[in-house]
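# Geometric and topological summary
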Amino acid sequence: MELKDKIAVVTGGSRGIGAAITRKLASLGANVAVIYAAGQEAAEAVCQDCREQYSVKAAAYGCDVADFAAVKQLAADIKKEFGTVHILVNNAGVTRDGLAMVMSEASYDAVLDTNLKGAFNMIRHFSPMMLRSREGRIINISSVSGLMGNPGQANYAASKAGLIGLTKSIAKELASKNVTCNAIAPGFIETAMTKDVSDKEAAIAAAIPLGRMGRPEEVADAAAFLIASDYITGTVLRVDGGIAM
Ligand code: NDP
């Protein structure tokens, strides 16, 4: 897919990996809608950068992706403002780490609701536009935790493994309409989500064959590659320095 003048929606595009993906898609000429939960200022700043640096259309929308009705309204609002959406990146994600035997129901539900149901909600309300135009790209940001499991992250790993099943099912459902759906499984990437583990950075780097944490821009490059690819669907692309091989 040629990205120039396409419409891309990136959830959690206000910071971290989502902001890097938004900037990358804008740099390739896509118009971008940035979805945030609470960080309006950060989301507006990303949009302003995209407009100034790349001369594309960019707008920020506050929406809890876990809220089915709110996402339905979001899809209508974005369609009205931008037109038909071609690219959806389900990147919004949260962690509520803790051992399963003491994990609260609220912590489990919050992570599944945002990370997994959120992606479903977005696909549910945005994919009809792609089907009608017979052109679309969906990227779900999973995690190596979903491939390998991780102690203290039963909720998070379950949500990220679930995203892989969701990705493959949607890929099969939408392939005949020229809509691809792929997942990216990042390893340890330097963002706010991993700031608490930075004191363990040396230990983490030692466990990563390439010897360092990744950068958000390196995940964004993978997203751009999958979006540009016409003949890749249902795949899980690891961007992890080799940790999950
Ligand atoms: P950050 O914590 O830096 O950013 C999370 C983003 O998600 C923010 O933009 C946040 O919005 C948004 N968000 C959170 N909850 C909601 C919600 N309910 N509705 C809408 N938006 C929401 O995360 P990262 O950039 O580190 O991670 C991005 C994705 O990559 C996540 O899915 C994460 O699980 C995954 N990932 C990250 C890894 C890493 O090492 N960093 C490794 C593997 C996967 P706001 O700013 O408004 O709060």
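Everything quoted here is computed from the prediction, not taken from an experiment. (Residues numbered from 1 in each chain as written. Predicted model: local features only at pLDDT ≥ 70, side-chain atom pairs only at ≥ 80, totals over all residues. Heavy atoms only, no water.)

## Details of unusual backbone geometry
We count it as follows: Secondary structure elements follow DSSP: runs of H or I of four or more residues count as helices, runs of E of two or more count as strands, with numbering from the N terminus.
One non-glycine residue, D5, lies in positive phi territory at about 70°. When you line up the elements, D5 lands in the segment before strand 1 (7-11).

## Looking at the sheet that holds strand 5 (residues 136-141)
Rule in force here: Note on pairing: DSSP must find at least two bridges between two strands before they are called paired. Angles run from 0 to 180 degrees between N-to-C directions of axes, and those axes are lines fitted to C-alpha atoms, restricted for helices to the stretch in contact. Contacts: residue pairs with any heavy atoms within 4.5 Å of one another.
Reading across from one edge, 3-2-1-4-5-6-7 is the order of the seven strands in this open sheet, with parallel pairing throughout. Each edge of the open sheet is held by one strand with a lone partner, namely strand 3 (58-62) and strand 7 (236-239). Averaged over all pairs of adjacent strands, the angle between their axes in this sheet comes to 20°, without regard to strand direction. Both strand 4 (residues 87-90) and strand 5 contribute to a ladder of four bridges, which runs parallel. Across the sheet, I87 pairs through a bridge with R137, a residue of strand 5. Along the sheet, helix 3 (residues 68-82) contacts strand 1, strand 2 (31-36) and strand 3; its crossing angle with strand 3, the most-contacted strand, is approximately 165°.

## A word on the packing of helix 1 (residues 16-27) against helix 8 (residues 216-228)
Our working definition: Oblique is the label for any angle not covered by the other classes, which are roughly parallel (under 35 degrees), roughly antiparallel (over 145) and roughly perpendicular (65 to 115). The crossing is said to be left-handed when, going from far helix to near helix, the turn is anticlockwise and less than a right angle, and right-handed when the turn is clockwise.
Remark: helix 1 packs on helix 8, axes separated minimally by 8 Å, with the N-to-C direction vectors making an angle of 50°. Taken together, the axis directions place helix 1 and helix 8 in an arrangement best described as oblique. Regarding helix 1 and helix 8, the two cross each other, and that crossing is right-handed. Residues G16, I17, A20, I21, K24 and L25 of helix 1 form the contact with helix 8, whose participating residues are P216, E217, V219, A220, D221, A223, A224 and I227.

## Things to note about the pattern of salt bridges
Where side chains of opposite charge bring their charged atoms close, a pairing between them can arise. Rule in force here: For salt bridges, the criterion is a side-chain nitrogen of Lys or Arg within 4 Å of an Asp or Glu carboxyl oxygen. Only protein chains enter the accessibility calculation, which uses a 1.4 Å probe; a residue is then buried when its area is under 20% of its type maximum, exposed when over 50%, and partly exposed in between.
Using the criterion set out here, one finds nine salt bridges in the structure. Residue D49 pairs with R23 through a salt bridge whose shortest N-O separation is 2.7 Å. Taken together, the positions of D49 in helix 2 (residues 40-54) and R23 in helix 1 put the pair 26 residues apart, joining distant regions of the chain. Owing to a relative accessible area of 26%, D49 belongs among the partly exposed residues under this scheme. The exposure class assigned to R23 is partly exposed, which follows from its relative accessible area of 30%. The shortest N-O distance in the salt bridge between D221 and K24 comes to 3.2 Å. Of this pair, D221 sits in helix 8 while K24 sits in helix 1, and the two are 197 residues apart along the sequence. A residue is classified by how much of its surface remains accessible, and K24, at 26% relative accessible area, is partly exposed.

## Some remarks on the pairing of strand 6 (residues 179-186)
Most of strand 6 sits out of view: eight of its eight residues are buried. Where strand 5 lies against strand 6, six bridges are found, and the strand directions are parallel. Paired with R137 across the two strands is T180, which belongs to strand 6. As paired elements, strand 6 and strand 7 share four bridges and run parallel to each other. Counterpart to P186 in the pairing with strand 7 is V239.

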